[in-house]
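# Topology and contacts: notes
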Amino acid sequence: MKVEPPRIDERTFSEIFQQLQKMLPHYTPELNGDDGKEPGVALMKIYAYLAETVLNRLNQAPRKNMAAFLDMLGIRLLPARSARAALTFTLAKGTEKEILIPPRTQAAADKTAERAEQLFETESNLLAIGSRLKMALGIDPVRDAIYQPPPGFLEGTLQGLTQRAYQVVSSPPAGARDFQLNHVTDLKEGDYLRLGQGGQAEYVIIAKLSGLVVTIRDRLHNAHDSAAPVTKVMNFSTFEGNNLQEHSLYLGHKELFNIKSSARFTIHASHRA
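Just so it is clear, the model here is predicted, and its values are computed rather than measured.

### Section: the pattern of salt bridges
A side chain of one charge can pair with a side chain of the opposite charge when the charged atoms of the two come close. Applying the stated criterion to the full structure yields 8 salt bridges. Here Glu123 and Arg84 are joined by a salt bridge, their closest N and O atoms 3.2 Å apart. Of the two residues, Glu123 sits in the loop between strand S3 (119–121) and strand S4 (126–128) while Arg84 sits in the loop between helix H3 (61–72) and strand S1 (99–101), which places them 39 residues apart along the sequence. Given the relative accessible area of 67%, Arg84 is considered exposed. Here Arg164 ties to Asp186 by a salt bridge, and the two come within 2.6 Å at their closest N and O atoms. With Arg164 in the loop between strand S6 (145–147) and strand S7 (165–167) and Asp186 in the loop between strand S8 (178–180) and strand S9 (192–195), this residue pair connects regions lying 22 residues apart in the sequence. Residue Arg164 is classed as partly exposed on the basis of its relative accessible area, which comes to 34%. Each of Lys188, Asp191 and Lys232 takes part in a single network of salt bridges with overlapping partners.

Following this line, the structure appears as structure tokens:
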């Protein structure tokens, strides 16, 4: 949380002017504070304006004193740096070749009534291509895992959606493929869910919805108690989520497996160092 230093005097121009008007009957009863044509009232407004300017400077003293105190402790302010922003270049429709955008190419946001035009310059070469990102995968060779972003992540359809909270109503055991939620608002087939919390948490994919009953593609690895929290995965953590890695072993032999009757094969395998 950002901590702001206290303000020494919070009075504004209008508050100072109102205080002066209340003092008129005691010091200058000949002036009518409601008549804006009197020279005395104009002087009051000038005084209130100058007083507000002085108070604004006075209210900056705590921040400057804090900076001076930190400087005594050896804590220095960061040097000024140029503003940085992320830019997206969109090629014209029908462009077939890549386009080189050289360094120091200028770009600016649209000018509005509240914001003046501010120019930015690119820092290095950028090769703009006409292709669009179709798939993103997070591959972790150490854990032998492959992770894929949730549906709608690359298309941006998840932006602006409200993150809802769900709870398990049933108590699904390990190996189950069905469990009941307290509601299924905004859920659909193919969505990724995070079920449970802590070390018991696991990621599942919705295969079917039947009322409040959710059927998942793979079986649960862990048992979950009733009221276990469930959240819809809306962000892509590169090395976290539902592991899509699969392993298959194919064996073939032109003579040994060329049989017509039923048979049983026993395979002995050893790890090769």
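### Quick word on the pairing of strand S11 (residues 213–216)
Across 3 bridges, S8 lies against S11 in antiparallel orientation. Bridge pairing links Phe179 to Val214 in S11. In this antiparallel pair of consecutive strands, strand S10 (residues 202–210) and S11, the connection spans 2 residues, and Gly211 shows a positive phi of 70 degrees.

### Side note on the packing of aromatic side chains
Enumeration over the complete set of coordinates arrives at 3 aromatic pairs. Between Phe153 and Phe236, the aromatic rings sit 5.9 Å apart at their centres with planes inclined by 70 degrees, giving edge-to-face as the arrangement. Placement of Phe153 in the loop between S6 and S7 and of Phe236 in the segment after strand S12 (229–232) is noted, with a sequence separation of 83 residues between them. Note on Phe257 and Phe265: the rings are 4.9 Å apart at their centroids and 75 degrees apart in plane angle, and the pair reads as edge-to-face. Using a relative accessible area of 45% as the deciding quantity, one classes Phe265 as partly exposed.

Cut-offs applied
- Residues numbered from 1 in each chain as written.
- Predicted model: local features only at pLDDT ≥ 70, side-chain atom pairs only at ≥ 80, totals over all residues.
- Heavy atoms only, no water.
- Salt bridge = Lys/Arg side-chain N within 4 Å of Asp/Glu carboxyl O.
- Helix = DSSP H or I, 4+ residues; strand = E, 2+ residues; numbered from the N terminus.
- Buried < 20%, exposed > 50% of the residue type's maximum accessible area, 1.4 Å probe, protein only.
- Pairing = 2+ DSSP bridges.
- Phe/Tyr/Trp six-rings, centres within 6.5 Å; stacked < 30°, edge-to-face > 60°.

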